[in-house]
Structure formats: structure tokens, C-alpha cells
Amino acid sequence: MSEGVPEPQARWCAEEARYGLGGILASLPGAHYVNPPWRNRDAEYKPAQLAAAAGCGFDVPPTLLTNDLAAVRAFVHECKRVVYKPLRSTDYRDER
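This text gives an overview of the structure that appears in the document. Just so you know, these numbers come straight off a predicted model, no measurement behind them. (Residues numbered from 1 in each chain as written. Predicted model: local features only at pLDDT ≥ 70, side-chain atom pairs only at ≥ 80, totals over all residues. Heavy atoms only, no water.)

Quick notes on the overall build of the chain
Across its full length, the chain holds 4 helices and 0 strands. For the chain, the α and β elements follow one another from N to C terminus as α-α-α-α. The globule rule puts the C-alpha radius of gyration for 96 residues at 12 Å, and the 19 Å found for the chain is more than 25% above it. The C-alpha extent of the chain, read off along each of the three principal axes, is 50 × 45 × 15 Å. The burial tally for the chain puts 2% of its 96 residues in the buried class. (Helix = DSSP H or I, 4+ residues; strand = E, 2+ residues; numbered from the N terminus. Rg over C-alpha atoms; globule rule 2.2 N^0.38 Å. Buried < 20%, exposed > 50% of the residue type's maximum accessible area, 1.4 Å probe, protein only.)

So this is what it looks like as C-alpha cells:
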């Protein structure tokens, strides 16, 4: 993140800046957007994306959202080929 700033504080600062700028952009009177900021946020949810796609008539492949390992194994066994997609694009960090 930022050099010399502890990670929790740097994350907090980045979120504050994001919400501050996002709020300003979203509240500009008469502004026209290709992708309005609030609608971008709404579209970030994968389950909602899948439901919207299905509602529009798109073919949605077999999908599983779970944290149950047995359900995942059964799904992979049934489908043979699967693609994993994270629900949100975030930094993943572990102790290594």
C-alpha cells in the first residue's frame, strides 16, 4: 500500500478516498455516465449477475455458490470441467 503507513490505516485511507470521490462523482448534477457509479456497485455481485443474465435469456452454465467442500466435490464430479471465479476482486494475503 503506502510506504511508511501501516496496512490497516492505508486500507482505511484508500476506502475513504474511494467513497469520497465516488460520492462526488455520483452526485454531480446533470452528469451523464456510460456506467453510472451506483449501478457499477450494484453490478459487482456475482449472484445478481447470474440472475440478470438468466432473466435476459442468456444461457447460464451450471453454477454452484457454496463453502461446503462435499458439495464442491460432487459438483466437480458431475460437471467434470469447472471454472472457479471469485465473488469479488480483492487482494488475498496470507502469512507467506
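That was the structure; now back to the text.
Points about the environment of Tyr45
Topologically, Tyr45 is positioned in the loop between helix H2 (37–42) and helix H3 (46–55). Residues Tyr45 and His32, spaced 13 residues apart in sequence, show a C-alpha to C-alpha distance of 23 Å.

Side note on the packing of aromatic side chains
A full pass over the atoms with the stated rule returns 0 aromatic pairs. In this structure, Arg18 is placed above the aromatic ring of Tyr19, and the distance from its NZ or CZ to the ring centre is 5.1 Å. (Phe/Tyr/Trp six-rings, centres within 6.5 Å; stacked < 30°, edge-to-face > 60°. Lys NZ or Arg CZ within 6 Å of the ring centre and 35° of its normal.)

Note that every value here comes from positions in space, so none of it alone points to a role or purpose.
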